[in-house]
Amino acid sequence: MTEKNVSENFITQIIDTDLESGKHQDIVTRFPPEPNGFLHVGHVKSICLNFGLAEDYQGVCNLRFDDTNPAKESVEYAQSIQRDVEWLGFKRDKEVRYSSDYFDQLYTYAQELIEKGLAFIDEQTAEEIRENRGDFTHPGVNSPHRGRPRSESMDLFRRMKAGEFEDGKMVLRAKIDMQSGNLNMRDPIIYRIKRQHHIRTGDKWCIYPMYDFTHCISDALEGITHSVCTLEFADHKPLYDWVLDNISIGCHPHQIEFNRLNQTFTIISKRKLIELVEEGVVDGWDDPRMPTVSGMRRRGYTPQSIREYAKKSTVTKKPSIIPMSTLEDCVRQELNTIAPRVMGILRPLKVVIENYPEGESEMIVAKNHPMDESFGNREIPFARELYIEADDYKENANRKFFRFTEGREVRLRYAYYLTCQRAIKNDAGEVIELRCTYDPETKGGSSPDGRKVKGTIHWVSAQHADDVELRLYDRLYNEKSPKGMDNLNDNSLEILESAKIEPNIINNSEGIRYQFERMGYFYRDKIHETNKPIFNRIVTLRDSWAKLEQ
RNA sequence: UGGGAUGUCGUCAAGUGGUAAGACACUAGAUUUUGAUUCUAGCAUUCGCAGGUUCGAGUCCUGCCAUCCCAACCA
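Residues numbered from 1 in each chain as written. Chains lettered and ligands numbered in written order. Predicted model: local features only at pLDDT ≥ 70, side-chain atom pairs only at ≥ 80, totals over all residues. Heavy atoms only, no water.

Student: Teacher, can you tell me more about the overall build of chain A here?
Tutor: Of the regular secondary structure elements, chain A holds 13 helices and 27 strands. For 550 residues, the compact-globule formula gives about 24 Å, and the C-alpha radius of gyration of chain A, at 31 Å, lies well above that figure. For chain A, the spread of C-alpha atoms along the three principal axes comes to 100 × 55 × 40 Å. Taken across its 550 residues, chain A has 54% of its residues classed as buried. (Helix = DSSP H or I, 4+ residues; strand = E, 2+ residues; numbered from the N terminus. Rg over C-alpha atoms; globule rule 2.2 N^0.38 Å. Buried < 20%, exposed > 50% of the residue type's maximum accessible area, 1.4 Å probe, protein only.)

Student: For this particular structure, what's the right way to read the protein's contact with RNA strand B?
Tutor: Residues in close proximity to RNA strand B total 65 residues, the closest being Phe402, Arg413, Gly444, Arg542 and Ser544. A share of 59% is what sugar and phosphate atoms reach among the atoms of RNA strand B within 4 Å of the protein. Asp66 is positioned such that a nitrogen or oxygen atom in its side chain is 3.0 Å from a sugar or linking oxygen of RNA strand B. In the model, a base oxygen of RNA strand B is placed 3.0 Å from a nitrogen or oxygen of the Tyr414 main chain. If you list the elements that add at least two residues to the surface near RNA strand B, you get helix H5 (126-133), strand S6 (189-193), strand S11 (320-322), helix H12 (324-338) and helix H13 (544-549). Considered class by class, the residues forming the surface near RNA strand B number 20 nonpolar, 22 polar and 23 charged. (Near = heavy atom within 4 Å. Polar contact = N/O pair within 3.5 Å; in protein donor to acceptor, adjacent residues only side chain to side chain. Nonpolar A, V, L, I, M, F, W, Y, C, P; charged D, E, K, R; others polar.)

Student: Help me understand the domain arrangement of chain A in this model?
Tutor: Often, the extent of an interface is quoted as the loss of accessible area on bringing the components together. One can read the domain layout of chain A as domain 1 (104-210), domain 2 (264-338 + 468-550) and domain 3 (343-461). Counting residues at the interface gives 22 residues for domain 2, matched by 25 residues for domain 3. Of the roughly 1900 Å² buried at the junction of domain 2 and domain 3 (both faces included), carbon and sulfur atoms supply 54%. Broken down residue by residue, the surface that domain 2 buries against domain 3 is led by Glu502, Glu517 and Arg518, which jointly contribute 34%. Between domain 2 and domain 3 we count four salt bridges in total. With its nearest N and O atoms 2.2 Å apart, the salt bridge here joins Arg413 to Glu517. (Domains from an automatic or database assignment. Contact = heavy atoms within 4.5 Å. Buried area = accessible area lost by both parts, 1.4 Å probe. Salt bridge = Lys/Arg side-chain N within 4 Å of Asp/Glu carboxyl O.)

Student: Looking at this structure, I do not really get the side chain of Arg513. What am I missing?
Tutor: Summarising the element assignment, Arg513 is placed in strand S25 (residues 513-516). One buried charged residue, Arg513, forms no salt bridge at all, with the nearest opposite charge on Glu334 at 7.0 Å. A polar side-chain atom of Arg513 sits 2.5 Å from the main-chain carbonyl oxygen of Gly300. Here Arg513 is in contact with Gly300, Tyr301, Thr302, Leu335, Ala339, Pro340, Phe522, Tyr523 and Ile538, once residues within four sequence places are set aside. (Lys, Arg positive; Asp, Glu negative; His and termini not counted.)

Student: Which parts of the structure should I look at to understand the side chain of Asn69?
Tutor: Topologically, Asn69 is positioned in the loop between strand S2 (60-65) and helix H3 (75-87). Setting aside residues no more than four positions away along its own chain, Asn69 makes contact with Glu34, Arg192 and Lys194.

Student: Quick question: what am I supposed to make of the sheet that holds S2 here?
Tutor: As a general point, the strands of a sheet are linked pairwise by backbone hydrogen bonds and lie either parallel or antiparallel. Read across the sheet, three strands follow the order S1-S2-S3 without closing on themselves; strand pairing throughout is parallel. Both edges of this open sheet fall to strand S1 (28-31) and strand S3 (97-98), since each of them pairs with a single strand only. Two elements, S1 and S2, share four bridges in a ladder whose sense is parallel. Bridge assignment links Thr29 to a residue of S2, and that residue is Cys61. The strands touched by helix H2 (residues 41-56) are S1 and S2; relative to S1, the strand with the most contacts, the crossing angle is about 160°. (Pairing = 2+ DSSP bridges. Axes fitted to C-alpha atoms, helices over the stretch in contact; angles between N-to-C directions.)

Student: Just to check I follow, could you spell out the sheet that holds strand S21 (residues 456-457) for this structure?
Tutor: If you walk across this open sheet you meet the seven strands as S21-S18-S19-S20-S14-S17-S22, and the pairing is mixed. Edge positions in the open sheet fall to S21 and strand S22 (459-461), since each of these has one partner strand only. Looking at chain direction, strand S18 (residues 409-412) and strand S19 (residues 417-425) are connected through three bridges and run antiparallel. Along S19, the bridge assignment pairs Glu409 with Thr419.

Student: Honestly, the packing of helix H4 (residues 103-115) against helix H7 (residues 211-221) in this entry has me stumped. Any pointers?
Tutor: Angle between the axes and distance between the axes: these two values describe a pair of packed helices. Packing of H4 against H7 leaves a shortest axis separation of 11 Å and a crossing angle of 115°. Viewed along their axes, H4 and H7 adopt a mutual orientation that is roughly perpendicular. Handedness of the crossing formed by H4 with H7: right-handed. Contact residues: Gln105, Leu106, Tyr109, Ala110 and Leu113 in H4; Phe213, Thr214, Ile217 and Leu221 in H7. Per-class residue counts for the contact of H4 with H7 are seven nonpolar, two polar and no charged. (Parallel < 35°, antiparallel > 145°, perpendicular 65-115°, else oblique. Left-handed = near helix turned anticlockwise from the far one by under 90°.)

Student: Sorry if this is basic, but what is going on with the pattern of salt bridges here?
Tutor: One side chain can pair with another of opposite charge once the charged atoms of both are near each other. With the rule as written, the count across this model stands at 42 salt bridges. Lys317 serves as the salt-bridge partner of Glu257, at 3.2 Å between the closest nitrogen and oxygen. With a gap of 60 residues between them, Glu257 in strand S9 (residues 254-258) and Lys317 in the loop between helix H11 (303-312) and S11 connect regions that are remote in the sequence. Between Arg332 and Glu328 there is a salt bridge, with its nearest N and O atoms 4.0 Å apart. With a gap of four residues between them, Arg332 and Glu328 both fall in helix H12, about one helical turn apart. Members of the salt-bridge network, linked through shared partners, are Arg30, Arg64, Asp219 and Glu222.

Student: Even after reading the chapter, I still don't get the nonpolar core, so can you show me in this structure?
Tutor: Within soluble globular proteins, side chains that are nonpolar tend to cluster in buried spots. Of all hydrophobic cores here, the largest spans 38 residues; its most connected members are Phe157, Met160, Leu172, Tyr191, Ile207, Phe213 and Ile217. Looking at this core, the elements that each hand over two or more residues are H4, strand S4 (119-122), helix H6 (150-162), strand S5 (171-174), S6, strand S7 (207-209), H7 and helix H8 (237-245). A total of seven residues in this core trace back to one element, the largest contributor, which is H4. Leu88, Leu335, Ala339 and Val539 belong to the second largest nonpolar core, which has 37 residues in total. (Core = buried A, V, L, I, M, F, W, Y, C linked by side-chain atoms within 4.5 Å.)

Okay, structure coming up:
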């Protein structure tokens, strides 16, 4: 038995009850995005819930595009959504659905409502409708057209569809209760006139159904058993039920609301994400700093770790905000087991080994994974001139710093013990080179006399290393609960153009997530690079030294 | 001043009347040729507040308080 996709929660309890009572034999769920933007972490939770539930209970989950507003939707968005869902690892056994597939049936159901005297054509302007709807403290006022004969509404509705009226001239409204405390029940609009080219139906329709009318019927037509949505739709449930109770349809799905996934230092709102893209704050929807699925993919996050994260955001009714560290923890946890180790230098500092023969080099054997022998070994060239990390030298270091400082011996990973003799500075007083000596007896990284060195640092051979560009990412916002552009983190992207990487990596790097030892996990950004190979830092390693240092 | 929901460790949570799981974070220590990984220990006398019922309440009752969502011809 494999592990469940979804951990036990109040929704699985409802499903269990429904299965036990015989209300349902099988379950059917759906993920119903509007193709008006890219998928983000918030959607991931919903995807994992709906598809995960279907898998766990051996049911079905439909991917359905809720495409009832042609003004905002595009095929590009629909394609990106489909790609993202597949990338996350969920497969559908049925074709993709579209709410627009049901436009004819929706139109018929609307007529049924009119026939029953439960819907009418309203000719008030949008402003009048808004005013007469009232607000939280004032009840609404009935439309002057509310009492219009059914036959007249029917005639008008058909002529609406036939294109006889201009946009905004009239709407079809459900006749419910203008006194209701729930604004959604104050004679909600269910059809409007909108001359827009639709991504699926083209110019066939000039009237389009509204979400509240479409969604419940689409669910019912697909035989959805559990219609899972986020908390903000709770107020719409009475309307969802009202529609299904008042038309001739043999299915009434159970709408269940759960809490959205929120993340610290992140804004998850399609509107705000679009703004970042359009203002050029980020490099598109797939910028590695974006909380979009495409951004996380480009950054190097794995589908598995993203799913694990979504699973950790437990399904309840309590609005919650998950620390980013939880996501990073999920990512590190998987990467630690699957990432081969290599050595790369982010900020190179030249080292010359004075007692190593000029013009010579040798091969050093290194493990590709410290805990997993199946990753095998590799050989790395070692020579007189190396690059090490600039941070691994400190002019005035105390005893707690156990890397390079003048006179101190450290270990070059897998290679030799090296002693720093002196630092060479430029006119500005910056250290530009280290002159060192090595102990030839310590090849492999241990000494015959058993003396201890506390520090181990990574390195590359200057003449053999490859040049790469590295991009380091930080959170997009400074505030834990960012409100908008004002809270942007100016240092969310750092580009390192003179980074070095050990040889024989860049040509085999496609699709492989590497750990640059001590520096973090990196992933090749092949699609977006221009002249030099680019690696994105997926996430740093945990760094207790950095904490100590503060 | 209406309607809907939610309140258990810094964060996310389990708990369904019997004496507060777990995860992330954090702290201390051990091991370590990544200051990584791993390991070990610590981390809520208390469940928004106040009363009440009960032998016994986070769980039941009453009242109060706080927070979130809702006033697109968006979804």
